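# A structural walkthrough
Read off the chains here:
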Amino acid sequence: SREFWRELPEIVRALDDAGTARVVVLSSTGRHFTAGLDFELLSSELATDDGVAGRSRVGLREMILQLQESLSCLERARMPVIAAVQGGCVGGGVDMITACDMRYCSEDAFFCIQEINIGITADVGTLQRLPKIIPPGMARELAYTGRRLPARRAREIGLVNEVYPTQEAMLAGVMEIAREIAGHSPLAVSGSKEMLNYARDHGVAEALDYIATWQPGMLEPQDILEAFRANQEKREPVFDDLMPLRKDF
């Protein structure tokens, strides 16, 4: 719905700006993770042609760009974002989970690029991100056929990291992974996400050059000392949160 596309980025940006959240877990209630796009949202834009399609479709393009931005915020957030999927992950749900860092699901989960089944080319991120997560040929098969991808097959091709027997088991497992991530230096975790995303979109030489520049500026000696002390003292390390992002300009 319109509310979802507006509110999700507001929430993610607020968490990212504050710097206190170390991991975000996206999960859903009910039988399904997502059912797809609200057709009223699309119909309202298509109904504004008024006989001058080229001019009226400028509004549709702007809407698509806004929808893309609503999910790209997950990718740009400083903290890792984990998707926990049960039941159907349809249409826009695939766009959303491909913008996440990791994906997990229950045995009853399935994934579907639904857009092709209703005469649309997927346009909010699936076709851009999915081929960098799973083999490109599999991404094309799913995009061209609109078939459902079951949980076990999703695990085999690398779309999800693990399949759990139930939604409850999945959430328990995912939260344990989130706790483990949250126990590390948030600056080091954030830097790792930045480097992994950069390396995905650039060549090896460029990515190596980037980390060589990033590391001297972002290395935090106190975090390194705390990690060593905690290991020697047989305790969990305690790290400061990320600094809030400045918004006063």
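Let us look at the structure shown here. (Residues numbered from 1 in each chain as written. Predicted model: local features only at pLDDT ≥ 70, side-chain atom pairs only at ≥ 80, totals over all residues. Heavy atoms only, no water.)

A few words on the side chain of K193. Note that K193 resides in helix α9 (residues 186–201). Here the side chain of K193 touches M79 through a polar contact of 2.9 Å, landing on its backbone oxygen. Only 3.0 Å separates the side chain of K193 from the side chain of D101, close enough to count as a polar contact. With residues near it in sequence (within four places) discarded, K193 still touches L74, E75, A77, R78, M79, P80, V81 and D101. (Helix = DSSP H or I, 4+ residues; strand = E, 2+ residues; numbered from the N terminus. Polar contact = N/O pair within 3.5 Å; in protein donor to acceptor, adjacent residues only side chain to side chain. Contact = heavy atoms within 4.5 Å.)

As enumerated under the stated definition, the model contains 17 salt bridges in all. The partner of D201 in a salt bridge is K132, with the nearest N and O atoms 3.2 Å apart. Pair noted here: D201 is in helix α9 and K132 is in the loop between α5 (126–129) and α6 (136–145), with a separation of 69 residues, a long-range link. For the salt bridge of R147 with E141, the shortest nitrogen-to-oxygen distance reads 3.3 Å. E141 gets classed as partly exposed once you look at its relative accessible area, which sits at 32%. (Salt bridge = Lys/Arg side-chain N within 4 Å of Asp/Glu carboxyl O. Buried < 20%, exposed > 50% of the residue type's maximum accessible area, 1.4 Å probe, protein only.)

Attention now goes to the pairing of strand β4 (residues 102–106). Put simply, side chains in a regular strand alternate between the two faces of the sheet. Burial within β4 is extensive, with 5 of its 5 residues counted as buried. In terms of strand pairing, strand β2 (residues 81–85) meets β4 through 4 bridges, oriented parallel. Among the inter-strand pairings, A83 is bridged to a residue of β4, identified as R103. In the sheet, β4 pairs with strand β7 (residues 162–164) via 3 bridges, with the strands oriented parallel. What sits directly across from S106, in β7, is Y164. (Pairing = 2+ DSSP bridges.)

Right, let's talk about unusual backbone geometry for a bit. Leaving glycine out, the prevailing phi sign among residues is negative, and the prevailing peptide bond configuration is trans. Backbone geometry at K234 places phi at a positive 55°, although glycine is not the residue there. Structurally, K234 can be placed in the segment after α11 (221–232). Residue classification places K234 among the exposed positions, given a relative accessible area of 73%.

This part takes up the packing of aromatic side chains. The final tally for this structure, using the stated rule, is 3 aromatic pairs. Both rings, one in Y198 and one in Y210, keep their centres 4.1 Å apart while their planes meet at 40°; by these two values the pair is tilted. With a gap of 12 residues between them, Y198 in helix α9 and Y210 in helix α10 (residues 204–218) connect regions that are remote in the sequence. On the accessibility criterion, Y198 (23% relative accessible area) is partly exposed. Owing to a relative accessible area of 23%, Y210 belongs among the partly exposed residues under this scheme. (Phe/Tyr/Trp six-rings, centres within 6.5 Å; stacked < 30°, edge-to-face > 60°.)

It is worth spelling out the side chain of D95 at this point. Take D95: it is sitting in helix α4 (residues 92–98). Comment: no salt bridge for buried D95; closest opposite-charge side chain is R129, at 6.6 Å. Among the polar contacts made by the side chain of D95, one reaches the side chain of T126 at a distance of 2.7 Å. (Lys, Arg positive; Asp, Glu negative; His and termini not counted.)

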